[in-house]
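Inside the fold
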Amino acid sequence: MADKFDVIVIGAGPGGYVAAIRAAQMGLKTACVEKWIGKEGNVVHGGTCLNVGCIPSKALLEASHKFVEAQHDFDDMGIEAGDVTMDVKKMMARKDKIVKNLTGGIAGLFKANGVTALEGTGKVTGSKQVEVTDKDGNAATYEADNIVVAAGSVPVEIPPTPLTEGLIVDSTGALEFQQTPKRLGVIGAGVIGLELGSVWNRLGSEVTVLEAMDDFLPMVDGAIAKETQKLLKKQGLDIKLGARVTGSEVKGDEVVVKYSDAKGEQEITFDKLIVCVGRKPYTKGVIGEGVGVELDERGFIHVDDQCRTSVPGVYAIGDCVRGPMLAHKASEEGVMVADIIAGHKAEMNYDAIPSVIYTFPEVAWVGMTEQDAKAAGIEVKTGAFPFAASGRAMANNATEGQAKVIADAETDRILGLHIVGQHAGEMIAQGVIAMEFGSSAEDLALSCYAHPTMSEAVHEAALAVEGHAIHMANRKKRK
């Protein structure tokens, strides 16, 4: 038996490394197990988010957006940039440098907080035992009073489009293109599909997005989703809804995709195809036989509201348990679990978890949509404000989009905030804080916002709930 710890965390993604640091800060002897091998052949921390998810995709989104701005928007501001070109390989190198800096930073945080980094594949072999097998096959068993499983998730593959090296790729492969494909197919119009489709569309690809569902972004308020679809179409994304992929055939350097829609059987040819149809929990082999931790039929670890599994002392957080697969959700669960293990009272408000799509403009939301609230039998009142009426948006050359507040008609309590617009991902925190503290639309309306800011759109939307927006004509209420 190797060392004994108060807490062992399996997985050093945004849930796991945060849980480990927090536990160490609480005075607990903590270890964190990670098996991810980086490009240089060493174990790296950060999981999907830092290595092949949130961070590298944002690096590409930012670079490609600036490229589009330089091409099309600078001239309006009086900036003459001449012929602007994109060096894709240099863009990718910058992305890799950012990833390396951040993953290396976690190793530094572990050292600063006294977290022991264990390299290898972690497996729960008992209620207080974790087996760690390194890349050479050497295994060691560690004992811990508490175990936190933060094993994360992996992309879902579908039989009609098996991954083919360099031609049919998942979200990870789409971050490694070394040149811009002329014709790019994306299966799935979710968060990842729209972001990656946007990157390559901005760099010149003809992008077609095939989405099996008939509705576009059903998790977003209908008005915001409709406007988002219109804006992305205007940018050149060809989004085909109700398009169910039935097969594919690789022909040389091309892939022919077959799908069916309302018009019948269709075919379309691409130079590259990205499969972005969701993710599944990575739990296979993480829990040993006979341990007693319950999994559901889809591989999610069953936990209660405070992330306790069916085995005392064993917790699970992040993508491998219920709820949205979001880095910040995993991180907050990590903090909650570490605090509980340390003997503190802690809980998480799952009704106030924000979501963001980092297209341009960004789409962000928290809480209920107007449609969800009405379906639940809740009478609502809403207020919306277009960025076209915002002075700061005009100055930023970013007048597309709107902010919408959804409030309970009886209590005025804010049920949701949905935004499409520049910096929506930053502004959504106002809705999160408002919902966390049970605020009303009036609370936001009576708050003083800095001028000129994009956030004033949220203020005006809150004012519009009662028809009191200042910088637009208010809708007359039906009598």
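Read on for a plain summary of the structure. (Residues numbered from 1 in each chain as written. Predicted model: local features only at pLDDT ≥ 70, side-chain atom pairs only at ≥ 80, totals over all residues. Heavy atoms only, no water.)

1. Side note on the layout of surface pockets
Approximately 580 Å³ is the volume attributed to the second largest pocket. Elements with a minimum of two residues in the lining of the second largest pocket: helix H3 (54–73), helix H5 (191–202) and helix H6 (222–235). Take the lining of the second largest pocket: its biggest share by element is six residues, from H3. When the residues that make up the lining of the second largest pocket are grouped by side-chain class, the tally is eight nonpolar, 10 polar and five charged. (1 Å grid on protein atoms, 1.4 Å probe; cavity = no way out; pocket = protein on both sides within 12 Å on 5 of 7 lines; lining within 4 Å. Points joined across faces, edges and corners; volume = space filled by probe spheres on them. Helix = DSSP H or I, 4+ residues; strand = E, 2+ residues; numbered from the N terminus. Nonpolar A, V, L, I, M, F, W, Y, C, P; charged D, E, K, R; others polar.)

2. So, the side chain of Asp 412
Its location among the elements puts Asp 412 in the loop between strand S21 (402–408) and strand S22 (414–421). Residue classification places Asp 412 among the buried positions, given a relative accessible area of 11%. With near-sequence residues (within four places) excluded, Asp 412 lies in contact with Lys 381, Ala 407, Ser 439, Ser 440, Ala 441, Glu 442, Val 465 and Glu 466. (Buried < 20%, exposed > 50% of the residue type's maximum accessible area, 1.4 Å probe, protein only. Contact = heavy atoms within 4.5 Å.)

3. What about the sheet that holds strand S14 (residues 264–270)?
Two modes of strand pairing occur in sheets, parallel and antiparallel, and in both the strands are linked by backbone hydrogen bonds. In spatial order, the strands read S12-S13-S14; together these three strands make up an open sheet with antiparallel pairing. If you trace the sheet from one side to the other, it starts and ends with strand S12 (244–251) and S14, each paired once. The sheet shows a mean angle of 20 degrees between the axes of neighbouring strands, taken without regard to direction. The sheet contact formed by S12 and strand S13 (residues 254–261) spans seven bridges and is antiparallel. Each residue of the ladder has a partner; that of Gly 247, found in S13, is Lys 258. (Pairing = 2+ DSSP bridges. Axes fitted to C-alpha atoms, helices over the stretch in contact; angles between N-to-C directions.)

4. Considerations on the environment of Val 99
Structurally, Val 99 can be placed in helix H4 (residues 88–113). Along the chain, Val 99 and Pro 56 lie 43 residues apart, while their C-alpha atoms are 6.5 Å from each other. Residue contacts for Val 99: discarding those within four places in its chain leaves Leu 50, Asn 51 and Pro 56.

5. Some points on the pairing of strand S15 (residues 272–275)
A regular strand carries its side chains on alternate faces of the sheet. Alignment of strand S8 (residues 168–169) against S15, held across two bridges, turns out to be parallel. From the neighbouring strand, Ile 168 faces S15, where its bridge partner is Leu 273. Bridge count between strand S9 (residues 183–187) and S15: four bridges; the pairing is parallel. Its bridge partner lying in S15, Leu 184 is registered against Lys 272.

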